[in-house]
Amino acid sequence: ALSYHENWQKAWRSPEPKPEYDVIIVGGGGHGLATAYYLASIHGIRNIAVIEKGWIGGGNTGRNTTIIRSNYLWDESAGIYEHALKLWEGLTQELNFNVMFSQRGVLTLAHSEHELKEMRRRVEAIRLNGIDSEVMTPAQIKKLVPIIDTSPTLRYPVMGGFIQKRGGTARHDAVAWGYARAADDLGVDIIQNCEVTGILREGGKVTGIETSRGTIKAKKVGCVTAGHSGVVAEMAGLHLPIDSRPLQALVSEPIKPCLDTVIMSNAVHMYISQSDKGELVFGAGVDSYNSYSQRGSVPTVEGLLAAGVELYPIISRLRVLRTWGGIVDTCPDASPIISKTSVDGLYFNCGWGTGGFKATPGSGHVFADLIARDEPNKIAAPFSLKRFETGYLIDEHGAAGVAH
Ligand code: FAD
Ligand code: PYC
């Protein structure tokens, strides 16, 4: 501040692309940067480039509402999301960068008898996987969240809920910047403003990429381009089972601290938390049409705010400060793809839909392992593209934070 915000030391270099790398990661979001970091730090591969068409973290990493939890239904999901949660717990130390991971708890509300019964069943499944989760009564919820209206006369009354106390939030930009700085320290080239326009192949094997800054050769290419995975896959002649849709969020003007947990209400398509700056952070369900535009429709925002005002009456007089959208790539089973492809040396990590931020460290960790060894480990294996041939789907629509 004393230098008027000038002469700040750069946290990572901005090198010119080299003609060739051992590994290229396409997409400089949290997942891509984490992949590069773990490739360098664990697998000792240092000749790596991360190629980003805009600025790092400018995609869904910088647009999401940062909810972190591992309370999914199936064992396969518990494997990847709990792996990620454990990495979150040590990430600030690992990166020497404060990612502001705050384990303030994530509470999911039930608004009908049926939803509550499903929740009880899910809590049992989650606990069987050794993951923390507790059912809560309306009275316990009211005590934890004084601003919530738990009266039984609401259109969608609060019938109960369940909480994962180890869940919470993190600072999204810090995650991208922390991984970028740590990867750069290990020699990774982070190349921004460089759009990948083609994937080069010879004899069924990847040989490099075409970009807006020229051709770059590589023995291995990992694509982590949330929102545009289908587009990038087409560059290699692949069709992914993915839909791309807008997902919106908004923040209110900042107010004094009044909410110290995260609350999701899937039945009414709204969720809420309070940022460290004091803004109330709100999110909705996905907009119901396919689009590559990073904005959504007004009725979705109206619906979210109507549900919000009913559940949290104090918000009725707050002003909305900003709204925005991101594009989420969703698979038919609402689970991600972490996979080799039919092109040798070409890998995809995508399809995290509305819920990939929480997975960032775990996703990068297992994707780096897949790229380095050309073989999925136990955590990644269930998320291979093969599941769309075998039918071994991992249906997590019920546990996705928001409706698809
Ligand atoms: P991104 O950060 O989107 O990175 C992909 C990068 O690829 C982008 O920077 C893009 O510019 C780049 N790219 C694309 N095409 C090319 C190309 N041709 N050449 C070069 N680069 C390219 N998840 C949660 O867990 N919790 C939440 O609370 C949550 N809330 C959300 C709220 C909203 C409004 C949205 C939109 C998403 C939310 N998500 C949430 C989902 C989460 O944001 C994503 O799953 C996650 O951030 C994906 O990370 P990523 O690093 O793969 O993607
Ligand atoms: O995956 O937990 C989640 C989530 C909440 C809001 C958007 N995604």
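Described in the following lines is the structure provided in the data block. Sequence order as written defines residue numbering, which begins from 1 separately in each chain. In the order they appear in the text, chains get letters beginning with A and ligands get numbers beginning with 1. Local features are withheld for residues below a pLDDT of 70 in this predicted model, meaning they are given only at 70 or higher, and side-chain atom pairs are given and counted only at 80 or more; totals for whole chains, interfaces and linings count all residues. With hydrogens and water set aside, each side-chain value is computed from the structure's full complement of heavy atoms.

Focus on the overall build of the protein
The criterion, for reference: The helix count covers DSSP runs of H or I at least four residues long, the strand count covers runs of E at least two residues long, and both are numbered beginning at the N terminus. The quantity called the radius of gyration is restricted to C-alpha atoms. Its globule counterpart is 2.2 Å times the number of residues to the power 0.38. Accessibility here uses a 1.4 Å probe with only protein chains present; expressed as a share of the type maximum, an area under 20% marks a residue as buried, one over 50% as exposed, and anything in between as partly exposed. Contacts are assigned to residue pairs that have any heavy atoms within 4.5 Å of one another.
A count of helical and extended segments in the protein gives 10 helices and 16 strands. Its C-alpha atoms give the protein a radius of gyration of 21 Å, within 12% of the compact-globule value 22 Å for 404 residues. Taking the principal axes of the C-alpha coordinates as reference, the protein spans close to 65 × 60 × 40 Å. Here the protein holds 404 residues, and the buried ones make up 55% of them. The long-range share in the protein, meaning contacts at least 24 apart out of those at least 6 apart in sequence, stands at 77%.

Some words on the sheet that holds strand 13 (residues 279-286)
Inclusion rule: Note on pairing: two strands pair once DSSP finds at least 2 bridges between them. Note on geometry: axes are C-alpha line fits, over the in-contact stretch for helices, and angles between N-to-C directions span 0 to 180 degrees.
Strands sit in the order 4-5-3-11-12-13-10-14 across an open sheet of eight strands; the sheet is mixed. In the strand order of this sheet, the two ends are held by strand 4 (134-136) and strand 14 (320-330), each with one partner. Direction aside, neighbouring strands of the sheet carry axes that sit 20 degrees apart on average.

Section: the pairing of strand 10 (residues 243-254)
With nine of 12 residues buried, strand 10 lies mostly within the body of the structure. Both strand 10 and strand 14 contribute to a ladder of 10 bridges, which runs antiparallel. By the bridge assignment for strand 14, Val-251 is matched with Arg-322. Relative to strand 13, strand 10 is paired through five bridges, and the arrangement is antiparallel. Of the residues in strand 13, the one forming a bridge with Pro-254 is Glu-279.

What about the site of ligand 2?
We apply this condition: Only a single heavy atom is needed: when it lies within 4 Å of a molecule or strand, its residue is near that molecule or strand. Distance and chemistry together define a polar contact, namely a pair of N or O atoms within 3.5 Å, with one atom able to donate a hydrogen and the other to accept it when in protein, and with adjacent residues in sequence counting only for side-chain atoms on both sides. The protein chains shown are the only cover counted for residues, whose accessible areas, like all others here, come from Shrake-Rupley with a 1.4 Å probe. Here the nonpolar group is Ala, Val, Leu, Ile, Met, Phe, Trp, Tyr, Cys and Pro; Asp, Glu, Lys and Arg are the charged ones; every other residue, Gly included, is treated as polar.
The environment of ligand 2 is made up of Thr-65, Ile-67, Arg-69, Met-264, Tyr-271, Thr-354, Gly-355, Lys-358, Gly-401 and Val-402. Between ligand 2 and the protein, one listed contact pairs an oxygen atom with a side-chain N or O atom of Arg-69 at 2.7 Å. At a separation of 2.5 Å, an oxygen atom of ligand 2 approaches a polar side-chain atom of Lys-358. For ligand 2, the protein covers 96% of the area, taking 240 Å² as the surface of the free molecule. Taken together, the residues of the shell around ligand 2 sort by class into four nonpolar, four polar and two charged.

Section: unusual backbone geometry
A positive phi is found at Asn-96, a non-glycine position, where the angle reads about 55 degrees. Unusually for a residue other than glycine, Asp-374 sits at a positive phi of about 60 degrees. Residue placement: Asp-374 occurs in the loop between helix 9 (360-373) and helix 10 (387-390). Residue Asp-374 is classed as partly exposed on the basis of its relative accessible area, which comes to 31%.

A word on helix 4 (residues 113-128)
Put simply, the rule is: Every helix has an expected span of 1.5 Å times one less than the residues it contains.
For helix 4, built from 16 residues, the straight-helix expectation of 22 Å at 1.5 Å per residue is met to within 8% by its first-to-last C-alpha distance of 23 Å. Listed in full, the buried residues belonging to helix 4 are Glu-115, Leu-116, Met-119, Arg-122, Val-123, Ala-125 and Ile-126. Residues of helix 4 that are buried make contact with strand 3 (106-110), strand 4 and strand 5 (160-164). Of the residues trailing helix 4, Gly-130 is marked for its positive phi of about 75 degrees.

What to know about the nonpolar core
Test applied: For the purposes of this section, nonpolar cores are sets of buried Ala, Val, Leu, Ile, Met, Phe, Trp, Tyr and Cys residues that join through side-chain atoms within 4.5 Å.
Formed by 50 residues in total, the largest nonpolar core has its most connected members in Ile-25, Ile-48, Trp-88, Tyr-179 and Ile-338. The set of elements that each furnish at least two residues to this core consists of strand 1 (20-26), helix 1 (30-41), strand 2 (48-51), helix 2 (75-89), helix 3 (91-95), helix 6 (172-185) and helix 9. Setting aside residues up to four positions removed in sequence, Ile-338 forms contacts with Ile-80, Phe-348, Asn-349, Trp-352, Val-366, Phe-367, Leu-370, Ala-380, Phe-383 and Ser-384. Listed in part, the 28 residues of the second largest apolar core include Tyr-21, Val-196, Met-235 and Ile-242.

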